[in-house]
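# Understanding the architecture of this molecule
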Amino acid sequence: MRVVGTLLPSGERTQFWILGDRITFEKPLNATETVVDGGFLTPGLVDVHTHPGHDDDATFTEKQFREECMAHVAAGTTAIRVPGHNGPIPPGARDDPDLPRLVTAGRFLAYEALQTGHPIHTPTVDLVAAAVAEARANDGWCKLIADWAFDVPAVPLDLLARVVDAVHAAGFRVAMHCQTAEGTRNAVLSGADSIEHGCYLSDDLIETLAARGGAYVPTGAAFQRSVPEVRTKPDGPRKTNWLNGAEGLFRSAAVAHEAGVTVLAGTDSAPFGNVFTEVEFLIAAGLSPATALGAACWTARDFLGLPGLVEGGLADLVAYDADPRVEPGILRHPRHIILRGRKIR
Ligand SMILES: [Zn+2]
């Protein structure tokens with residue numbers, strides 16, 4: 001199968017071929033069929049923070065997992081990182097031709113003293129052992145809840161640091177949920193590899209995160225979607241804390257990018273297959289459209305170790321009729337989608 005178009009982010013007009021699950025820029029000897037003829041080509045999109053498969057009670061089912069994964073694919077998202085899921089990934093899902101490439105992190109590990117009460121969380125006293133076990137049983141990532149309610153102390157820094165050290169020593173990485181000033185501070189100082197939400201991410205913490213090559217996943221669009229509902233809640237410190245935290249994500253995303261932090265796009269909540277909304281959030285925060293798109297594409301792929309449209313890269317791509325760096329709205333309307341070498345659209 002031959003693909004022709006303008007390759008992003010380079011802007012080079014090129015052609016390449018799909019051989020099974022891989023791409024090559026070397027013309028095959030046998031006849032080929034042109035499956036994409038023109039337009040702007042990106043490697044498959046990536047949502048680095050999404051939790052497909054859970055019903056309202058946080059029960060994980062294979063049926064819902066498949067449906068929500070396929071909604072991602074239908075939008076051109078050919079890879080997802082799942083930082084927390086409440087059930088084992090169904091056997092065969094990782095090689096299923098209909099499903100996106102999966103990078104999973106196992107259960108949402110919540111320190112027992114946080115008393116989150118959230119049905120999707122797994123309370124545990126032995127965070128260190130649980131984190132290493134989940135990373136090993138999944139794709140080299142684990143997920144920790146560093147804080148929960150604004151008026152309950154966050155998980156202590158020394159405990160988080162011990163978890164991160166143990167996970168790193170085993171060769172794995174840590175994604176850390178934080179949404180309060182104390183939790184975000186502890187998460188950054190603990191050495192976590194990716195800071196999820198990171199409300200109240202101050203400039204000095206951003207410098208620390210940048211210096212060690214950390215990543216930041218603001219999930220800003222998900223927060224923005226909840227703002228109208230939170231505004232209807234009774235006034236008080238809880239509401240103020242949440243709203244200020246959500247509003248601060250715009251600035252944190254922009255400052256983090258400027259400082260050299262790897263800012264990535266994650267949607268967190270339903271609907272699935274809407275990573276373009278997070279690209280739009282990042283543009284609203286002040287990132288250039290090309291950088292914002294990269295956060296949901298080539299930058300995220302580099303971060304997760306998923307080769308894009310290079311010799312021998314994965315045969316996952318999206319074609320658009322217009323240049324999404326100039327017209328980001330086109331991300332809502334992919335012309336063609338190829339996943340694992342197969343044309344989905
Ligand atoms: Zn989440």
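Because the structure is predicted, anything quoted here is derived from the model rather than measured. (Residues numbered from 1 in each chain as written. Predicted model: local features only at pLDDT ≥ 70, side-chain atom pairs only at ≥ 80, totals over all residues. Heavy atoms only, no water.)

This brings us to the overall build of the chain. A count of helical and extended segments in the chain gives 10 helices and 17 strands. Compactness check: the chain gives a C-alpha radius of gyration of 20 Å against a globular reference of 20 Å for 345 residues, within 12% of the reference. Dimensions along the principal axes, computed over C-alpha positions, put the chain at roughly 65 × 40 × 40 Å. Between the centroid of the 30 positive side chains of the chain and the centroid of its 42 negative side chains there is a distance of 4 Å. (Helix = DSSP H or I, 4+ residues; strand = E, 2+ residues; numbered from the N terminus. Rg over C-alpha atoms; globule rule 2.2 N^0.38 Å. Lys, Arg positive; Asp, Glu negative; His and termini not counted. Charge placed at Lys NZ, Arg CZ, Asp CG, Glu CD.)

Taken together, the protein ligands of the zinc ion are His49 (NE2), His51 (NE2) and Asp268 (OD), with distances of 2.0 to 2.1 Å. Taking relative accessible area as the criterion, His49 reaches 0% and is therefore assigned buried. (Donors = N, O, S within 2.8 Å, 3.2 Å for Na, K, Ca; no water. Buried < 20%, exposed > 50% of the residue type's maximum accessible area, 1.4 Å probe, protein only.)

As enumerated under the stated definition, the model contains five aromatic pairs in all. Each ring, one from Phe60 and one from Phe65, has its centre 5.4 Å from the other, and the planes form 45 degrees; the classification is tilted. An identical accessibility class is assigned to Phe60 and Phe65; each is buried. It is Arg81 that lies over the ring of Trp141; its NZ or CZ is 4.6 Å from the centre. The ring centre of Phe303 lies 4.7 Å from the NZ or CZ of Arg173, which sits over that ring. (Phe/Tyr/Trp six-rings, centres within 6.5 Å; stacked < 30°, edge-to-face > 60°. Lys NZ or Arg CZ within 6 Å of the ring centre and 35° of its normal.)

This part covers the UniProt feature "domain: Amidohydrolase-related" (unreviewed entry) in the chain. Following the UniProt record, the feature "domain: Amidohydrolase-related" (unreviewed entry) maps to residues 40–324 here. The span residues 40–324 carries 41% helix and 17% strand; its end-to-end C-alpha distance comes to 8 Å. (UniProt positions renumbered as here; feature names shortened; annotations may be inferred.)

This brings us to the sheet that holds strand 17 (residues 342–343). In space, the seven strands of this open sheet follow the order 3-2-1-4-15-16-17, with mixed pairing throughout. Either end of the sheet is taken by a strand with one partner, and the two such strands are strand 3 (22–24) and strand 17. One ladder, built from six bridges, connects strand 1 (residues 2–7) with strand 2 (residues 12–19); its direction is antiparallel. When the bridges of strand 2 are listed, Gly5 appears paired with Thr14. (Pairing = 2+ DSSP bridges.)

One finds Leu144, Val167, Met176, Ile195, Tyr216 and Leu282 to be the most contacted residues of the largest nonpolar core, which totals 69 residues. Top contributing element to this core by residue count: helix 8 (residues 275–285), with six residues. Counting residues domain by domain, this core receives three or more from each of domain 1 (1–43 + 308–345) and domain 2 (45–306). Apart from residues lying up to four places away in sequence, Leu282 is in contact with Pro218, Ala253, Val263, Ala265, Leu287, Ala292 and Ala295. Core analysis: the second largest hydrophobic core is formed by 15 residues, Val46, Ala79, Val103 and Ala215 among them. (Core = buried A, V, L, I, M, F, W, Y, C linked by side-chain atoms within 4.5 Å. Domains from an automatic or database assignment. Contact = heavy atoms within 4.5 Å.)

Another point: the pattern of salt bridges. Going through the model one piece at a time under the given rule, you end up with 16 salt bridges. Across the pair Asp235 and Lys239 runs a salt bridge whose closest N-O atoms are separated by 2.8 Å. Given a relative accessible area of 69%, Asp235 falls into the exposed group. The network of salt bridges with common partners includes Arg66, Asp96, Asp98 and Arg342. (Salt bridge = Lys/Arg side-chain N within 4 Å of Asp/Glu carboxyl O.)

The next subject is the environment of Gln64. Within the secondary structure, Gln64 sits in helix 1 (residues 62–74). Distance in space between the C-alpha atoms of Gln64 and His54 is 6.7 Å, their sequence separation being 10 residues. Sequence-distant contacts of Gln64, defined by excluding residues within four places in its chain, comprise Gly53, His54 and Asp55. At 2.6 Å, the side chain of Gln64 and the backbone oxygen of His54 are in polar contact. (Polar contact = N/O pair within 3.5 Å; in protein donor to acceptor, adjacent residues only side chain to side chain.)

Summarising the sheet, strand 11 (residues 173–178) and strand 12 (residues 194–197) pair through four bridges and their orientation is parallel. Considered in strand 12, the bridge of His177 is made with Glu196. In the classification by handedness, the crossover that spans strand 11, the intervening helix 4 (residues 181–190) and the parallel strand 12 is right-handed. Here strand 12 pairs with strand 13 (residues 215–217) via three bridges, running parallel. Following the sheet pairing, Ile195 is matched in strand 13 by Tyr216. With helix 5 (residues 203–211) bridging strand 12 and its parallel neighbour strand 13, the resulting β-α-β unit is right-handed. (Right-handed = clockwise from strand over helix to strand, strands pointing away.)

Here helix 6 (residues 220–231) crosses helix 8 at 90 degrees, and the two axes come no closer than 8 Å. By the angle between their directions, the pair helix 6 and helix 8 is classed as roughly perpendicular. Here helix 6 contributes Gly220, Ala221, Ala222, Gln224 and Arg225 to the contact with helix 8, which in turn contributes Thr277, Glu278 and Phe281. (Axes fitted to C-alpha atoms, helices over the stretch in contact; angles between N-to-C directions. Parallel < 35°, antiparallel > 145°, perpendicular 65-115°, else oblique.)

Our next topic: the side chain of Asp96. Its place among the elements puts Asp96 in the loop between strand 6 (77–82) and strand 7 (101–104). Residue Asp96 is classed as buried on the basis of its relative accessible area of 13%. Within the structure, Asp96 has its side chain in polar contact with the side chain of Arg66 (distance 2.4 Å). Excluding anything up to four places from it in sequence, Asp96 contacts Arg66 and Arg340.

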